[in-house]
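Single-letter residue listing:
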Amino acid sequence: MVARVQTVVLVHAFGSSGRAWAPQVAGLGDRYRVLAPDLPGHGGAAGPFTLGRAVESVRAVTADAGGAHLVGISGGATVALLTYLDNPGAVASLMLSAGVAHAPRLLSLQRAIQRAMPEPVLARLLRGPYSGGRREYEQIAAEDFRRCGKRTFLAALRELARVDVRGRLGEVTVPTLVACGARDRANLGPSREIAAGVPTAELRVVPDAVHLWNLQQPELFNETVAELVSRSEIRGPGAGDDLA
């Protein structure tokens, strides 16, 4: 009997695209079926962006997976969580890096500042964080933000500001890894909140890691995804115990 190939679906940050997962597609593609869709209004995907449309775009690529492993980072982590809550039977495990279950107060200030910035200035400001601090990814980060544009980026943050699923975190029953870079201080609190609310979650603070640590530390990120998939295969969807 041939073992079923596991499907890993990678959900990118707002203002980015599926191209930001290039190290994961290359590093995990020999073991898994790896999909990195563009969210609405990002990359090659048509807008407008709404969280509902983002969830549908992720659901569309998991439809035939028979239980996909969802890996989301930044805003993509919240999309992955919402996708699970919308259709838990289609998800085998979750890896949520730097996501939020509800909008922290800092987000309102961030939106106000970024709304006032000229688009070229905002693009330059985000180029470093969106390349994981790696110069080889700066051009792709800049191109992706230019394709997305300030309007779509702010629309995504506006949608994120309305999210509050704290009361539903207890519904998550699949193996869940909540991660956050130790240098991503703004998202440590929201990550701890998700981990505390999800019964099956392990929280992992990654030493020296930044916001998009999949680009900064791709080998470690890939190993972490593979570890979660392996544990999920052993325990199976719906395992209620902790990953630790």
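Structure: see above.
Residues numbered from 1 in each chain as written. Predicted model: local features only at pLDDT ≥ 70, side-chain atom pairs only at ≥ 80, totals over all residues. Heavy atoms only, no water.

## Quick notes on the pattern of salt bridges
With the rule as written, the count across this model stands at 14 salt bridges. Across the pair Arg33 and Asp64 runs a salt bridge whose closest N-O atoms are separated by 3.3 Å. Here Arg33 is found in strand β2 (residues 33-35), whereas its partner Asp64 is found in the loop between α2 (51-62) and β3 (68-73), with 31 residues between them in sequence. Overall, Arg33 belongs to the partly exposed group, its relative accessible area being 32%. Asp64 sits in the exposed class, given a relative accessible area of 59%. (Salt bridge = Lys/Arg side-chain N within 4 Å of Asp/Glu carboxyl O. Helix = DSSP H or I, 4+ residues; strand = E, 2+ residues; numbered from the N terminus. Buried < 20%, exposed > 50% of the residue type's maximum accessible area, 1.4 Å probe, protein only.)

## Structural notes on the packing of aromatic side chains
This model, assessed by the stated rule, comprises four aromatic pairs. Plain terms: the ring middles of Trp21 and Phe221 are 5.8 Å apart, the flat faces sit at 50 degrees to each other, and that makes the pair tilted. One end of the pair, Trp21, is in the loop between β1 (7-11) and α1 (22-28); the other, Phe221, is in helix α9 (residues 218-235), and 200 residues separate them in sequence. As far as burial versus exposure is concerned, Trp21 and Phe221 are alike and both buried. Taken together, the aromatic side chains of Trp21, Trp213 and Phe221 make up a single cluster linked through ring pairs. (Phe/Tyr/Trp six-rings, centres within 6.5 Å; stacked < 30°, edge-to-face > 60°.)

## Details of the pairing of β3
A large share of β3 lies buried, amounting to six of its six residues. Alternating residues of β3 divide into Ala68, Leu70 and Gly72 and His69, Val71 and Ile73, and every residue in both groups is buried. Pairing analysis gives four bridges linking β1 to β3, with the strands arranged parallel. Each bridged residue has a counterpart across the sheet, and for Val8 the counterpart in β3 is His69. Judged from the six bridges that link them, β3 and strand β4 (residues 91-97) form a sheet pairing that is parallel. From the neighbouring strand, Gly72 faces β4, where its bridge partner is Leu96. Handedness of the β3-helix α3 (residues 75-86)-β4 crossover: right-handed. (Pairing = 2+ DSSP bridges. Right-handed = clockwise from strand over helix to strand, strands pointing away.)

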